[in-house]
Amino acid sequence: MRTKVIRWNSSDGYEITDLREAAGIIRFGGLVAFPTETVYGLGCDGRSSEAAAKVYEAKGRPSDNPLILHIADREMLDDLVGEIPEVATKLIENFWPGPMTLVFTKSDKVPKQVTGGLETVAVRMPAHAGAAELIRAAGVPIAAPSANLSGKPSPTDAKAVIEDLDGRIDMIIDGGEVGIGYESTIIDVTGLRPVILRPGFITKEMIEEVIGKDSDVEAVIDSSDDSVTQAPKAPGMKYKHYSPEAQVTVVRGDEAQVEEKINELVRQFPSDSVGILTTEERRNIYDYGVVLDIGSEKEHTLGQKLYASLRDFDRFGVQRVYAETFFGNDKEDALMNRLMKAAGGEVIDLRNYKKVVFVCKENLNLSPMCEWILKSILMDKSLEICSRGLVVLFEEPVNAKIISVLGKHCIPCRDQVSRQLKQSDIDDDTLVITMSFTEKVKVVEDFGMTEHVYTLRELVGLEDDVTDPYGGDEQAYEDTYKELKDLLYEVKKRMGWV
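A. Examining the sheet that holds strand 19 (residues 430-434) more closely. Spatial strand order, 18-17-19-20: four strands in an open sheet with parallel pairing. Strands with a single pairing partner mark the edges of an open sheet, and in this sheet they are strand 18 (384-389) and strand 20 (453-455). Averaged over all pairs of adjacent strands, the angle between their axes in this sheet comes to 25°, without regard to strand direction. As paired elements, strand 17 (residues 355-360) and strand 18 share six bridges and run parallel to each other. Bridge pairing in strand 18 places F358 opposite S387.

B. Main features of the pattern of salt bridges. Under the counting rule described, the total for this entry stands at 28 salt bridges. The closest approach of N and O atoms between R388 and D425, which form a salt bridge, is 3.4 Å. Separated by 37 residues along the polypeptide, R388 in strand 18 and D425 in the loop between helix 11 (400-408) and strand 19 bring together distant segments of the chain. Of the residues examined, D425 reaches a relative accessible area of 9% and is grouped as buried. Through salt bridges with shared partners, one network takes in K152, E163, D164, R311, D312 and R315.

C. Focus on the nonpolar core. L42, L91, W96, L102, F104, V123 and I173 are the most contacted members of the largest nonpolar core, which has 65 residues in total. Here I173 is in contact with I6, W8, Y14, A22, V32, A33, F34, P35, Y40 and L134, once residues within four sequence places are set aside. In this structure, C360, C370, L383 and V466 belong to the second largest nonpolar core, which totals 36 residues.

D. Representation of the packing of aromatic side chains within the structure. Per the stated rule, a full pass over the model turns up one aromatic pair. Geometrically, the ring pair formed by F269 and Y322 is tilted, given 6.4 Å between the ring centres and 45° between the ring planes. Pair noted here: F269 is in the loop between helix 7 (255-266) and strand 13 (274-278) and Y322 is in strand 15 (residues 320-323), with a separation of 53 residues, a long-range link. In this structure F269 comes out as partly exposed when scored by relative accessible area, which is 25%. With a relative accessible area of 3%, Y322 lands in the buried category. Here the basic side chain of K375 rests over the ring of W372, its NZ or CZ set 4.2 Å away from the ring centre.

E. Highlighting the layout of surface pockets. Here the second largest pocket defines a volume of roughly 550 Å³. Lining the second largest pocket are 28 residues, and of these C360, K361, L390, T438 and E439 lie nearest its centre. Considering each element in turn, the lining of the second largest pocket owes the most residues, seven residues, to helix 12 (residues 437-447). The residue inventory of the lining of the second largest pocket, partitioned by class, reads eleven nonpolar, six polar and eleven charged.

F. Structural context of the pairing of strand 3 (residues 41-45). In terms of burial, strand 3 is largely enclosed, as five of its five residues are buried. Here strand 2 (residues 32-34) pairs with strand 3 via three bridges, running antiparallel. Bridge pairing links F34 to G41 in strand 3. Counted between consecutive antiparallel strands, the loop separating strand 2 from strand 3 contains six residues.

G. Summary view of the packing of helix 3 (residues 86-95) against helix 6 (residues 204-211). Across the interface, helix 3 lies against helix 6 with an axial gap of 10 Å and an inter-helix angle of 115°. Classified by the angle their axes make, helix 3 and helix 6 are roughly perpendicular. By crossing handedness, the relation of helix 3 to helix 6 is classed as right-handed. Judged by residue contacts, V87, K90, L91, N94 and F95 of helix 3 engage M206, I207, V210 and I211 from helix 6. Here the contact of helix 3 with helix 6 is composed, by residue class, of seven nonpolar, one polar and one charged.

H. The arrangement of the sheet that holds strand 12 (residues 247-252) in detail. One open sheet accounts for five strands, arranged 14-13-15-12-16; its pairing is parallel. Taken across any chain shown, the strands that pair with only one partner, and hence form the sheet edges, are strand 14 (290-293) and strand 16 (347-349). For this sheet, the mean angle separating the axes of adjacent strands, direction not counted, is 25°. In the sheet, strand 13 pairs with strand 15 via four bridges, with the strands oriented parallel. Residue L277 lies in a different strand from strand 15, and its bridge partner there is A323. Its contacts with the sheet put helix 7 on strand 12, strand 13, strand 15 and strand 16, and the angle it makes with strand 12 is roughly 150°.

I. Region of interest: the environment of G117. Mapped onto the secondary structure, G117 falls in the loop between strand 5 (100-105) and strand 6 (120-124). Judged by relative accessible area, which is 42%, G117 ranks as partly exposed. Between the C-alpha atom of G117 and that of Y307, which follows or precedes it by 190 residues, the distance is 29 Å.

Reading the values: the criteria
- Residues numbered from 1 in each chain as written.
- Predicted model: local features only at pLDDT ≥ 70, side-chain atom pairs only at ≥ 80, totals over all residues.
- Heavy atoms only, no water.
- Pairing = 2+ DSSP bridges.
- Helix = DSSP H or I, 4+ residues; strand = E, 2+ residues; numbered from the N terminus.
- Axes fitted to C-alpha atoms, helices over the stretch in contact; angles between N-to-C directions.
- Salt bridge = Lys/Arg side-chain N within 4 Å of Asp/Glu carboxyl O.
- Buried < 20%, exposed > 50% of the residue type's maximum accessible area, 1.4 Å probe, protein only.
- Core = buried A, V, L, I, M, F, W, Y, C linked by side-chain atoms within 4.5 Å.
- Contact = heavy atoms within 4.5 Å.
- Phe/Tyr/Trp six-rings, centres within 6.5 Å; stacked < 30°, edge-to-face > 60°.
- Lys NZ or Arg CZ within 6 Å of the ring centre and 35° of its normal.
- 1 Å grid on protein atoms, 1.4 Å probe; cavity = no way out; pocket = protein on both sides within 12 Å on 5 of 7 lines; lining within 4 Å.
- Points joined across faces, edges and corners; volume = space filled by probe spheres on them.
- Nonpolar A, V, L, I, M, F, W, Y, C, P; charged D, E, K, R; others polar.
- Parallel < 35°, antiparallel > 145°, perpendicular 65-115°, else oblique.
- Left-handed = near helix turned anticlockwise from the far one by under 90°.

If you want it as structure tokens, here you go:
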């Protein structure tokens, strides 16, 4: 396939013949990559199962990873969704057009090939004038994920699109560099309360200002609490994303600690094979390796160059990248969400934790198993290890099958009883490890934690929750023991515990 490249710019717009050709490609089932204010999208007719299949094939994208429908005006929404809740109307009135995607119950006019097999559909109205003009000219909703090969950093200019998709799609619209540089905020409005499925430019605080701080907006911070066998409800929730060829490692800690550690780490490699990812303001503090930035904190452009820099590391032949953490700004959740996925969860945490608290719902199964397995692995009296529950009405002994399975491996926990997690269990030197993303979000919201809380699998760079063996036979508990032991040995290695 020969991919044609046309141009759009904010002063002159499209050549009229180019726009007609691009719209015709969309209407007749072809693929067009186009700029939006967030990243470049790979567009097709959102009403066509066959066109959606071409998108998945061109990107190498898993077919259960839903696409976002892009519309140009409010009237286009009515045909795509079953109902529009009141909270969605408030969000639309305040944030559309803009970098916000809403997840609705879908109508029968939206094929399941577009929604990843789900009964919900993700819709957004881009603020980019060229994108809106293309949608109007096509006369159909345009289904569009990011215009990159699946798993690679999203494209923020046409050069990156050409690099990934030249020869795979019909047309690329070159609109220059995008304005924001990372994907839209995704909000599920199908339930009793809105849920942020993917953080973005529009923050939780901005949403609460519109719908009220008492509206109980939930934030699923890093991934889905769907199991591995279920389809993700929104793009980017289940699969590794945004990753360059280079191995990315995130270094967490105080600014001075991080700087010292990165300077130490990069010197283990030849200068031209190692990279450092920082902010524009801090680029000059590093004098070794390939140093790139994600944008300017001073100019409020943090994140704008994240994906471009990740791609540039590959162009420069960098094999290993060490990234600073980007806390303390209003786009923190969005930036760290993308960066952690790019790193596959590979983190060096410079905090000297003195306590580890494992958390599950009732403190009867998974969290006490983790507590006693880690105690048996470390046998380190200087690190306090305990477990707690989020819903413990009264103290009761842990599951008898856990006692039996751990006993077979010479790990005693006969006197263990369930205990409720309290504020007094957590201080600045505490690492909290939950078994699921739902539990992580609960801990973050109830205890005001912005750092040092992870799911167990996230902490070692994996997706999804640990499966609770409750209701299974003793073999199910034995299998869980083996899984937890392997995960906790990996935690030991990553945390540098002796």
